[in-house]
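Observations on chain architecture
What follows is each chain in one-letter form.
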Amino acid sequence: MSTVTKYLVYGPQSTLRRMTPKLLESVEPKFLYKYQSPANNDEIFVAVYEQFEKQINATITLTCIIECTEQQNRIELKKAGGRMGFRGSSLSEEHNIESDIVNFIMDFSKRFGLSLQEEMEKPATDTEDDE
């Protein structure tokens with residue numbers, strides 16, 4: 001099972017730059033990689049979170065990629081792991097690491113007046129065949 005969620009956050013550059021360190025301080029990742037572009041002031045953070053779900057006896061891994069530019073922060077959350085099967089097991093709706101990250105992003109954006117936009121994946125259609 002794998003899901004991808006993407007967010008774009010717009011606002012003043014100084015506020016956008018504060019967002020990622022606060023997120024990583026609030027919800028500490030298991031692994032963290034940071035890249036800063038020598039050409040400009042862009043930064044890329046890759047944080048990996050792991051959480052063990054006792055009810056389904058499986059580990060959930062969340063990879064969070066944050067691209068910080070002067071105009072926006074682009075956040076991509078990729079959730080992998082878990083278990084789906086015939087017994088009807090699904091990921092619990094309880095408190096999980098992905099909801100912590102999403103709640104922080106929404107709260108920070110609301111608190112500091114940033115614009116938050118979720119990027120929706122366009123479903124694959126047969127528009128090319130119709131022409």
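Residues numbered from 1 in each chain as written. Predicted model: local features only at pLDDT ≥ 70, side-chain atom pairs only at ≥ 80, totals over all residues. Heavy atoms only, no water.

**Regarding the pattern of salt bridges**
- One pass over the structure, following the stated rule, counts eight salt bridges.
- With a closest N to O distance of 3.5 Å, Lys34 and Glu43 form a salt bridge.
- Across the salt bridge formed by Arg74 and Glu67, the nearest N and O atoms sit 3.7 Å from each other.
- Overall, Arg74 belongs to the buried group, its relative accessible area being 18%.
- For Glu67, a relative accessible area of 30% puts it in the partly exposed group.
- Three or more residues joined by partner-sharing salt bridges are found here, namely Glu67, Arg74, Glu76 and Glu119. (Salt bridge = Lys/Arg side-chain N within 4 Å of Asp/Glu carboxyl O. Buried < 20%, exposed > 50% of the residue type's maximum accessible area, 1.4 Å probe, protein only.)

**Re a nonpolar patch on the surface**
- The grouping of Tyr33, Tyr35 and Ile44 at the surface amounts to a nonpolar patch, some 290 Å² of accessible area in total.
- For Tyr35, the position within the fold is in strand β2 (residues 31-36).
- We classify Tyr35 as partly exposed; its relative accessible area is 38%. (Patch = residues over 30% accessible without salt bridge, like charges linked within 9 Å, V, L, I, M, F, W, Y side chains within 5 Å. Areas by Shrake-Rupley, 256 points an atom, 1.4 Å probe, with all protein chains shown as cover. Helix = DSSP H or I, 4+ residues; strand = E, 2+ residues; numbered from the N terminus.)

**What to know about the nonpolar core**
- Counting 23 residues, the largest nonpolar core has Val9, Tyr49, Cys64, Ile66, Ile75, Leu77 and Ile101 as the members making the most contacts within it.
- Contributing elements (two or more residues each) for this core: β1 (2-10), α1 (13-26), β3 (43-53), β4 (58-68), β5 (72-81) and α2 (97-111).
- Tallying contributions element by element places α2 first for this core, with six residues.
- If sequence neighbours within four positions are ignored, Val9 has contacts with Leu16, Met19, Gln71, Gln72, Asn73, Ile75, Ile105, Ser109, Leu114, Ser115 and Leu116. (Core = buried A, V, L, I, M, F, W, Y, C linked by side-chain atoms within 4.5 Å. Contact = heavy atoms within 4.5 Å.)

**Overview of the confidence of the model for the protein chain**
- On average, residues of the protein chain carry a pLDDT of 83, and 80% of them reach 70 or more.
- Ranking the elements of the protein chain by mean pLDDT puts helix α3 (residues 127-130) last with 52 and β2 first with 94. (pLDDT = per-residue confidence, 0-100.)

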